[in-house]
2 protein chains.
Amino acid sequence: MDIKVAVFEDNKSLRQGLYQLINGSDGFECVGAFEDCMNLIKDIEDTKPKVVLMDIEMPGINGIEAVNILRQKFPELKILMQTIFEDSDKIFKSILAGASGYILKTTSPSRILDFIKETCEGGAPMSPSVATKVLKIVTQQSPFLKVNSFNLSEREKEILSCLVKGMSYKLIADSCFISIDTVRGHIRSIYEKLHVHSKGEAIATAIKSNII
Amino acid sequence: MDIKVAVFEDNKSLRQGLYQLINGSDGFECVGAFEDCMNLIKDIEDTKPKVVLMDIEMPGINGIEAVNILRQKFPELKILMQTIFEDSDKIFKSILAGASGYILKTTSPSRILDFIKETCEGGAPMSPSVATKVLKIVTQQSPFLKVNSFNLSEREKEILSCLVKGMSYKLIADSCFISIDTVRGHIRSIYEKLHVHSKGEAIATAIKSNII
DNA sequence: CAAATAATAGCATGAATATGCTATTCCCGG
DNA sequence: CCGGGAATAGCATATTCATGCTATTATTTG
């Protein structure tokens, strides 16, 4: 079965180029190439694509808004965003809107087909330079840049992760095959190393510091 | 100039395979293939690679810890993580630690070389399935969707955030100017709404769900 | 080898927590 | 104006936790 693709792209020659690239390739079928999102819902309903190739920069309804609309109406639809700019903000907004992947327009035709295929299979293809931006977003957003500076032993990490799961001393003792007093002992050490004095604080610190 | 690559991989045949793949390809040079990270710093200082291919799962110092160490000592070094598992948590930790890219071991040899090249050029190559996980992490941890899906009242959220800070009932009572029994009352309701039965679980749920 | 550390285990005790009840007041929507 | 939820408050009690001690064994390391 061919992968049905719909293209939304305002630039005429690009649009036609993509149409021909997709239709001219085995395993792919371009069921529609539209210049704007004015009839977005209807276009999709009529052509029933599996994957949409969406330009981010478009007059009228822009690509990001379009993704938001499509996500609600057609949750199954995969959306591959395409852009000329490596703009962190647009990438971020596209991701939040629910785009499956994000590639640059400088991507070669054969790679574009690969990407469409990967999108269809549930992957999230991204141009490496886009991925760099995404990683930056992840690390910047995470207030937890400190990873295990607490020097916990393996056993202590194990016990701590049990605490995070909400287990009582008794349960931890049973699941780790040690006595409850040993559990106490480990938790003592954990508290010292984390500089806390209660289960709650330990759990909060553990999760926030990503040491679980 | 060839791209100098160092490999850290505990599996012998994989390690040798990578060594030969890299050395046998134009534009690449494998300056070292190590089975563990025991002499991590020295190995890098001696071989001066531009890119490191690092296995995540390794005995002794694991890949993620290794990345942390390398980031500090050699900020310029690019690190490409390799793993058999698509484990969100490990991917996330690798990213936080500062890995440049993340690929699966099922990646074909020619793609591995592409990925090394892209890493060297500042990109962040990822296997599409890994990228899917990363996108999920981004959307999940975005303070964007900080929706109160548990339907906690304002007061309850306030009490809950006190719990997360590690405060005792007594302290919460004082800081909120209510009696300790009222605190108990609120915490009862919180437990019901979060479907938990202990302070620890409540804190874990609160932090993980971003409802604080 | 001696010192240090991790993991194990025990005991005791005061403090904190979880949960079973009940009850009053205020405010909001039907 | 009545019912219901939210915030307040109280009491009782069993369970769990935090932390004060000590002690053995194995492994690591200087």
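Residues numbered from 1 in each chain as written. Chains lettered and ligands numbered in written order. Predicted model: local features only at pLDDT ≥ 70, side-chain atom pairs only at ≥ 80, totals over all residues. Heavy atoms only, no water.

The next point concerns the sheet that holds strand β4 (residues 78–83) of chain B. Residues and elements named next belong to chain B. Within the open sheet, the five strands sit side by side as β2-β1-β3-β4-β5. Their pairing is parallel. The open sheet terminates on both sides in strands that have one partner only, identified here as β2 (28–34) and β5 (101–104). Sheet twist, expressed as the average angle between the axes of neighbouring strands with direction ignored, equals 25 degrees. Taken together, the five bridges between strand β3 (residues 51–55) and β4 define a ladder with parallel strand orientation. Within β4, the residue paired with M54 across the bridge is M81. (Pairing = 2+ DSSP bridges. Helix = DSSP H or I, 4+ residues; strand = E, 2+ residues; numbered from the N terminus. Axes fitted to C-alpha atoms, helices over the stretch in contact; angles between N-to-C directions.)

The subject of this paragraph is the sheet that holds strand β1 (residues 3–8) of chain A. Residue and element names in this part refer to chain A. A sheet is described by the order of its strands in space; here five strands give the open sequence β2-β1-β3-β4-β5, paired in parallel fashion. The sheet terminates laterally at β2 (28–34) and β5 (101–104), the two strands that pair on one side only. When the angles between neighbouring strand axes are averaged without regard to direction, this sheet yields 25 degrees. The sheet contacts of helix α5 (residues 109–120) involve β1, β2, β3 (51–55), β4 (78–83) and β5, and relative to β4 the element is tilted by about 150 degrees. (Contact = heavy atoms within 4.5 Å.)

Residues in contact with DNA strand C amount to 15 residues; listed here are only the nearest, A:S153, A:H186, B:Y169, B:R188 and B:K199. Of what DNA strand C places within 4 Å of the protein, 56% of the atoms are sugar or phosphate. Here a phosphate oxygen of DNA strand C and a side-chain polar atom of A:T182 are 3.0 Å apart. A distance of 3.5 Å is found between a base nitrogen of DNA strand C and a side-chain nitrogen or oxygen belonging to B:R184. For the surface near DNA strand C, the secondary-structure elements that each account for two or more residues are α9 (180–194) of chain A together with α9 (180–194) of chain B. Here the residues of the surface near DNA strand C sort into three nonpolar, seven polar and five charged. (Near = heavy atom within 4 Å. Polar contact = N/O pair within 3.5 Å; in protein donor to acceptor, adjacent residues only side chain to side chain. Nonpolar A, V, L, I, M, F, W, Y, C, P; charged D, E, K, R; others polar.)

Residue and element names in this part refer to chain B. Of all the positions in helix α8 (residues 169–176), only I172, A173 and C176 are classed as buried. Buried residues of α8 fall within an arc of 100 degrees about the axis and therefore sit on the same side. In the core, the buried residues of α8 are packed alongside α7 (154–164) and α9. Directly beyond the C-terminal end of α8, a positive phi value near 55 degrees is found at F177. (Buried < 20%, exposed > 50% of the residue type's maximum accessible area, 1.4 Å probe, protein only. Arc of directions from axis to C-beta.)

Close contacts around DNA strand D come from 16 residues, with A:Y169, A:R188, A:K199, B:S179 and B:H186 the closest. Near the protein, within 4 Å, the atoms of DNA strand D are sugar or phosphate in 58% of cases. At 2.3 Å from a base oxygen of DNA strand D is found a side-chain nitrogen or oxygen belonging to A:R188. Note that a phosphate oxygen of DNA strand D is positioned 2.8 Å from one of the side-chain N or O atoms of A:Y191. Each residue belonging to the surface near DNA strand D can be placed in one class, and the counts come to three nonpolar, seven polar and six charged.

Moving on, we get to the packing of helix α10 (residues 199–208) of chain A against helix α10 (residues 199–208) of chain B. Where α10(A) contacts α10(B), the two axes come as close as 9 Å, and the packing angle between them is 25 degrees. Taken together, the axes of α10(A) and α10(B) are roughly parallel relative to one another. By crossing handedness, the relation of α10(A) to α10(B) is classed as right-handed. Mapping the contact onto sequence places A:G200, A:I203, A:A204, A:I207 and A:K208 in α10(A) and B:G200, B:I203, B:A204, B:I207 and B:K208 in α10(B). The residue inventory of the contact of α10(A) with α10(B), partitioned by class, reads six nonpolar, two polar and two charged. (Parallel < 35°, antiparallel > 145°, perpendicular 65-115°, else oblique. Left-handed = near helix turned anticlockwise from the far one by under 90°.)

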